[in-house]
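Listed here are the chains, written in short residue letters.
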Amino acid sequence: MKTVTIHDIANRAGVSINTVSRALNGKPDVNLETKRRILEIAKELRYVPNRYAQGLRSRFSGSIGVIVSDIANPFFGALIKGIETVSSARGYRIVLYNTDEDIRRETEAVETAIREQLDGLLIASVQTDAAPFAMLEDVGMPFVLMGRHFAAHPADCVKSDD
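Residues numbered from 1 in each chain as written. Predicted model: local features only at pLDDT ≥ 70, side-chain atom pairs only at ≥ 80, totals over all residues. Heavy atoms only, no water.

**Q** Just checking my understanding: could you explain helix α2 (residues 17-24) for this structure?
**A** Along an α-helix, residues three or four positions apart point the same way, because every turn accommodates 3.6 residues. What α2 keeps buried is the set Thr19, Val20 and Ala23. The buried residues of α2 all sit within an arc of 100° when viewed along its axis, so they share a single face. Of the surrounding secondary structure, the elements contacted by the buried residues of α2 are α1 (6-13) and α3 (32-44). Where α2 terminates, the next one or two residues include Gly26, which has phi positive at roughly 70°. (Buried < 20%, exposed > 50% of the residue type's maximum accessible area, 1.4 Å probe, protein only. Helix = DSSP H or I, 4+ residues; strand = E, 2+ residues; numbered from the N terminus. Arc of directions from axis to C-beta. Contact = heavy atoms within 4.5 Å.)

Right, here's the structure in full:
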């Protein structure tokens, strides 16, 4: 099945891509009849906005990465459920990375999150040094460490009081 784009809607409606974008985003500078026709065509074609494309324009992905060391650990299951509940209520979705307590996989997860331009990361780290966190700081990606901190590399951290 082909993905419907705003180009398809613009072609069908006989208007510019900018007009379709403004109509779909509820901008007031679109003629009401034109807006009605665009919304009708979008519904008919079953148009679904592309979050990735929107993120390129807005620099907001709507996604937060969560890096955990062992998804089979019940602690992380409860933690992820809480993160997902709060994130979802605020319009975010989570992207989960399981590292199996492998430092290399954790570093790769950080690099992937940067490439995917996620809005931030929550990290239950197994690192022995803070190099991946310096990488996050270099690109300006916010992150919070969970359950661990590095004295030599201060960062926001959430820990339990055992």
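**Q** Before we go on, may I ask you to explain the pattern of salt bridges in this structure?
**A** If the charged atoms of two oppositely charged side chains come close together, the side chains can form a pair. Across all of its chains, the model carries 7 salt bridges by this definition. Among the ionic pairs, Arg36 bridges to Glu33, the shortest N-O distance being 2.4 Å. With Arg36 and Glu33 both in helix α3 and 3 residues apart, the pair spans about one turn of that helix. Taking the relative accessible area as the measure of exposure, Arg36 reaches 41% and is therefore partly exposed. For Glu33, a relative accessible area of 43% puts it in the partly exposed group. Within the structure, one salt-bridge network assembled from shared partners comprises Glu33, Arg36 and Glu40. (Salt bridge = Lys/Arg side-chain N within 4 Å of Asp/Glu carboxyl O.)

**Q** Honestly, the pairing of strand β4 (residues 143-146) in this entry has me stumped. Any pointers?
**A** Remark: a regular strand shows side chains that alternate across the two faces of the sheet. For strand β3 (residues 120-123) and β4, the ladder comprises 3 bridges, and the chain directions are parallel. If you follow Ile123 over to β4, its bridge partner there is Leu145. One crossover worth recording links β3 to the parallel β4 by way of helix α7 (residues 131-139), and it is right-handed. Sheet topology note: the β4/strand β5 (residues 157-158) ladder contains 2 bridges and is parallel. Counted as the bridge partner of Met146 is Val158 from β5. (Pairing = 2+ DSSP bridges. Right-handed = clockwise from strand over helix to strand, strands pointing away.)

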